[in-house]
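This is what each chain is made of:
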Amino acid sequence: MKNFKPNLLMLALTAAGIAAPTTVLAQQNNTIEQDEETEVIEIRGIRRSILGSIDKKRFNDTVSEVIDAGDLNSLPDVSIADALGRLPGVTTIRASGQSSQLNIRGMDGDFIQTTLNGREQASTSGYTAGSRWISFDQYPAELINQAAVYKSPKASLVEGGVAATVELKTVNPLTAEKQHSFSGSARYSWNDEAGEIDGEESGHRLSLSYQGKFLNDTLGVAVGAAVLDQPNFFKGFDAHEPSNRQDYRQDGTQVRSLDGIQLRYARGKDERTGMLFTTVYQPTDNFKVAFDYFRSTFKSEDFRHGLNFEGMEKSINLYDVTNPVYEIVPQAEGEVDDNDWLVGGTVHNMAYNGPWFEMRSEDQTTDATTDSYGFNAEYLGDNFEIKLDIARSEGKKTRMDMIASMHAYEFGTDTVTDGDGNDVQVETWQEKSDQQITFAYQNQQMPSVVLNTDYTDLDYMRLGIFERFPHLYTDKIDSAKLDFKLHLEGDFFTSIEFGTRLSERRFEDKRSVFRWGTREGQKGYRMPDGTVVNDPNTTCEFNHYGYDCTPRSLEGFTKVTELDGLKFLEVTDMKGLGDATFGVGGYEAQQTWNHNWTLIESGAVEEKVSAGYVMANFNTDLGNVGVTGNFGVRVVRTDTKTIGIQQLQGGLIGDEITDDNGVTRNDYENVKYGPEYTDTLPSVNLNFQISEQEQIRFAAAKVLGRPPVYQLRGGAGSWADTANDGTSPRYNVWSKGNPNLDPFRATQYDLSYEYFTDNGGAFTAAIFYKDIESVIESITYNEGDIPWSAIGLEAPEGFVEGQYQTVRNTDEGGYMQGLELAFTTMFDQLPGVFSGLGINANYSYTDSEIGLDGGNTFTNVHVSLPGLSEHVWSATVFWDIDNLSTHFNARYRDEYIYNGATPGGATFELADEYLIVDWQVSYNFNNGVDAVLQVNNLTNESNSSTYGTPLSTGRYHSFGRQFFVGANFNF
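What counts, and at which threshold
- Residues numbered from 1 in each chain as written.
- Predicted model: local features only at pLDDT ≥ 70, side-chain atom pairs only at ≥ 80, totals over all residues.
- Heavy atoms only, no water.
- Pairing = 2+ DSSP bridges.
- Helix = DSSP H or I, 4+ residues; strand = E, 2+ residues; numbered from the N terminus.
- Patch = residues over 30% accessible without salt bridge, like charges linked within 9 Å, V, L, I, M, F, W, Y side chains within 5 Å.
- Areas by Shrake-Rupley, 256 points an atom, 1.4 Å probe, with all protein chains shown as cover.
- Salt bridge = Lys/Arg side-chain N within 4 Å of Asp/Glu carboxyl O.
- Lys, Arg positive; Asp, Glu negative; His and termini not counted.
- Charge placed at Lys NZ, Arg CZ, Asp CG, Glu CD.
- Buried < 20%, exposed > 50% of the residue type's maximum accessible area, 1.4 Å probe, protein only.
- 1 Å grid on protein atoms, 1.4 Å probe; cavity = no way out; pocket = protein on both sides within 12 Å on 5 of 7 lines; lining within 4 Å.
- Points joined across faces, edges and corners; volume = space filled by probe spheres on them.
- Nonpolar A, V, L, I, M, F, W, Y, C, P; charged D, E, K, R; others polar.
- Contact = heavy atoms within 4.5 Å.
- Phe/Tyr/Trp six-rings, centres within 6.5 Å; stacked < 30°, edge-to-face > 60°.
- Lys NZ or Arg CZ within 6 Å of the ring centre and 35° of its normal.

Draft legend 1. Seen up close, the pairing of strand β37 (residues 664-673). Sheet topology note: the strand β35 (residues 625-647)/β37 ladder contains six bridges and is antiparallel. Residue Gln647 lies in a different strand from β37, and its bridge partner there is Tyr668. Across three bridges, strand β36 (residues 655-658) lies against β37 in antiparallel orientation. Directly across from Asp655, in β37, lies its bridge partner Tyr668. Remark: five residues form the turn of the hairpin made by β36 and β37, two consecutive strands paired antiparallel; Gly662 in that turn has positive phi of roughly 85°.

Now the structure itself:
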């Protein structure tokens, strides 16, 4: 069998505690001895992390990528997502300027499994609905010791990752180099653009950790804390998704337009506190128990202010467009010319129920908490190992979602007839007439906007609508795992592993609402006795508390902010305005039948999983080539149940369900239903050691990913309108999910070549292919598209079968394939200070034939899977000059589809390409202290997206540059 020979660099890595022993070395019980003349190599900073990561990748038994911190507090990133985003095939999605969600190999977070110390993690990513993917900004990089991305699975790994499995690890204090050690960091942060909107410009990051060994090195303890308090900020533009076409040209052709736009800015601050506690007790070489606890709280203040113009989907008869500008979209021969866009012009509102103009302030603050507990016991016999692991992971997230909309009003007097037939003079109000906006959309920039009304003048600006839509999402996982490993003495098999895992998971969503006012502005008058009379066409459409529907004063609760030449009126104290308008506690959100969606969209999904596996590890020779690897099978049984309410049809009587106002209805029933299914997941990983420096890997597996939890919800409601014949009543059904969805299933293959140099560098090339059975898409069946009997629905007697909104598995899936290249080298051969130079770079290409229905946004076309960018690359140049260390990183991502949160909903958007540049420099004082300067987003790259054409801008957010200055210490 071929053995790898440890070189001088390996000695240094081992001495530093970051080198992984090779399987062969471990089996041969080789020891590394250093004589007195051996040169001592001290490796620091990012070079140490890169070399450690390459070493662990080299000796992993699967196709994987690794980030090795070496010690707690070693990674410079705000969250672990920033570090992972530099790996081959891994990209990130930014929220408030920092990385949150991962995309791997062209697939978004719904296809990724995430574990902490081998345990499945509960999610805190819910925003518009509960979700399964992990929000990685919840995990401070300072508390993560190692992160790995397993691109090819093995039977012993927890299933769930079609794209990959991300495993985060915290420290084991018994393996610490020192008997007792303290490490920490302190950073002052500053944003260079936040001051433009009177936002907080500065903040800080602090961390401190301790590792200690006691009782003759049989008891280890590690504790750590990381605190983040820094501003978050953006300025930009968000569009209301297009939902209609209009004959703007008045020539019979249909033209698309955004339903509206929001010019706005956001300010707030992120406050995150992460805590870690680990204790390990190993009284003998063959017995060890450990307990670890990880907690992270993350509150992200998010106060948004700006202009909201909305209602372009309304009939063209209600408003006028002058000087229109169109973006011409070429059509295929024979197709109807209906994809051109209105991208500029002047919109003049001509009716009370036409498009509306408002200044809007929002509180979209989120508050998330993650708690993960785990107990682990290991026993090593002469030729066997037993491991028991019991764990719980809990996630909870809330979103405030409070909105105050301010309209411009005209006030006057009029004469009306009272109930006694007398003419009386009354005070009147209505939304200001002749409002207009002149706009011109621009590619990847803020649109040009000119208004004819001063929306900061409190002489006529009033509160017109006040809303609350609080969100509460919880996720809880209890799991137990038992693993066995039998060591074998033979020429082929080295060990057999088998085990079982049981888990129970429960997701819960709770929605509620408070709404007062009307979208298009209020219109009415006040009688001399104080009675308010609303125009029947503009009555308060949202008012279940029964408050008078009159424009309310904003005095004392607003200020004016100017941005890019426009003045904005913003509410400075949302809670204070609510208290003054409705009284303390007078605007609590409720679940009400008036807004039946609050009960329908609330509910739970329960998931019980039992899994068992068997896996054989082997080590043999094929001629002169050493071959190692494993093959095995994992069998997984999943029992999914959705819990919610569904509206009954045909006059059936259901359960008595009472809302928060005491109103009881019996045309809904409580439901709990869902499928059970079993999957058999074989896998094989082969590693061919063709030389001491070269190896080829091949892996094949069947993989499983369960559907996003928000798509499993079973609640359903209905509404009635008029059928296409213009007279018949029509019955329509909407649902937010489909509990009977099949999971993502795929067969995947990986092939890679890896070459490792003597100085710690490497070149790797990998290709992968995934055959995905089917994917999930949202679908709307319109009247006549499909008989309802085919989908198990029935319209009430006398009604036409109308629209049905749901999600479904596509009939076909397709392939996803790609190429990944990575290169790392150290320029040790260069003279003098240049010998400290190094480069770490990677490139990925991904392609897929899978398409999803583009919905109303991308009509008559299929869009790619969310998260798929064809071209992705990352490059880091690092340079060590004596005690000075610096590195410069650039990350590029091609355009991709994502399911973006738009004002009032979510829809597909096409994210533009981006290039993110970060830089860091540090100086080591040889006393355990490093001084650090760091700049994130050095080129001030924005986030932008479109609805498929350059000028149909969906989003443009600018975040500014983030500067950090501070110090690290390690004693």
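Draft legend 2. Inspection of a negative patch on the surface at higher detail. Residues Asp742, Asp771, Glu773, Asp811, Glu812 and Glu849 make up a contiguous surface patch of negative charge. Within the secondary structure, Asp811 sits in the loop between β45 (800-809) and β46 (814-826). Residue Asp811 is classed as exposed on the basis of its relative accessible area of 81%.

Draft legend 3. Focus on empty space enclosed by the protein. Using the criterion set out here, one finds 15 cavities of 30 Å³ or more in the structure. Taken as a whole, the second largest cavity spans an internal volume of roughly 170 Å³. If you tally residues by element for the lining of the second largest cavity, the top one is strand β39 (residues 694-705), at four residues. Of the residues belonging to the lining of the second largest cavity, the class tally is 11 nonpolar, six polar and five charged.

Draft legend 4. Representation of the pattern of salt bridges within the structure. Within the structure shown, the criterion is met by 53 salt bridges. Residue Arg505 is joined to Asp475 by a salt bridge in which the shortest nitrogen-to-oxygen separation is 2.7 Å. Taken together, the residues span a long stretch of sequence, with Arg505 in strand β27 (residues 493-511) and Asp475 in strand β26 (residues 471-487) at a distance of 30 residues. As far as the burial class goes, Arg505 and Asp475 line up, both buried.

Draft legend 5. Quick look at the environment of Phe498. Looking at the secondary structure, you find Phe498 in strand β27. When the C-alpha positions of Phe498 and Ile386 are compared, they lie 10.0 Å apart, and in sequence the two are 112 residues distant. Ignoring sequence-local partners within four residues, the contact set of Phe498 consists of Leu482, Asp483, Phe484, Leu486, Tyr613 and Val614.

Draft legend 6. Structural detail: unusual backbone geometry. Positive phi, normally seen in glycine, also occurs at Asp401, with a value near 50°. By the secondary structure assignment, Asp401 is in the loop between β20 (384-399) and β21 (402-417). In this structure Asp401 comes out as buried when scored by relative accessible area, which is 8%. Residue Gln444 is not a glycine yet carries a positive backbone phi of 55°.

Draft legend 7. Region of the structure containing a nonpolar patch on the surface. Together, Val223, Phe277, Phe291, Tyr373, Phe375, Leu388 and Ile390 make up an exposed nonpolar region whose accessible area comes to about 530 Å². Elements with a minimum of two residues in the nonpolar patch: β19 (366-380) and β20. Turning to its location among the elements, Ile390 is positioned in strand β20. Taking the relative accessible area as the measure of exposure, Ile390 reaches 43% and is therefore partly exposed.

Draft legend 8. Representation of the packing of aromatic side chains within the structure. For the coordinates displayed, the defined rule picks out 36 aromatic pairs. Ring centres of Phe582 and Tyr587 lie 6.2 Å apart, and the angle between their planes is 50°; on these two criteria the pair is classed as tilted. Accessibility assignment for this pair places Phe582 and Tyr587 in one class, buried. Here a set of aromatic residues connected by ring pairs shows up, and it is made of Phe466, Phe514, Trp516, Tyr547, Phe582 and Tyr587. We note Arg205 situated over the ring of Phe964; from NZ or CZ to the ring centre the distance is 5.5 Å. The ring centre of Tyr460 lies 5.6 Å from the NZ or CZ of Lys432, which sits over that ring.

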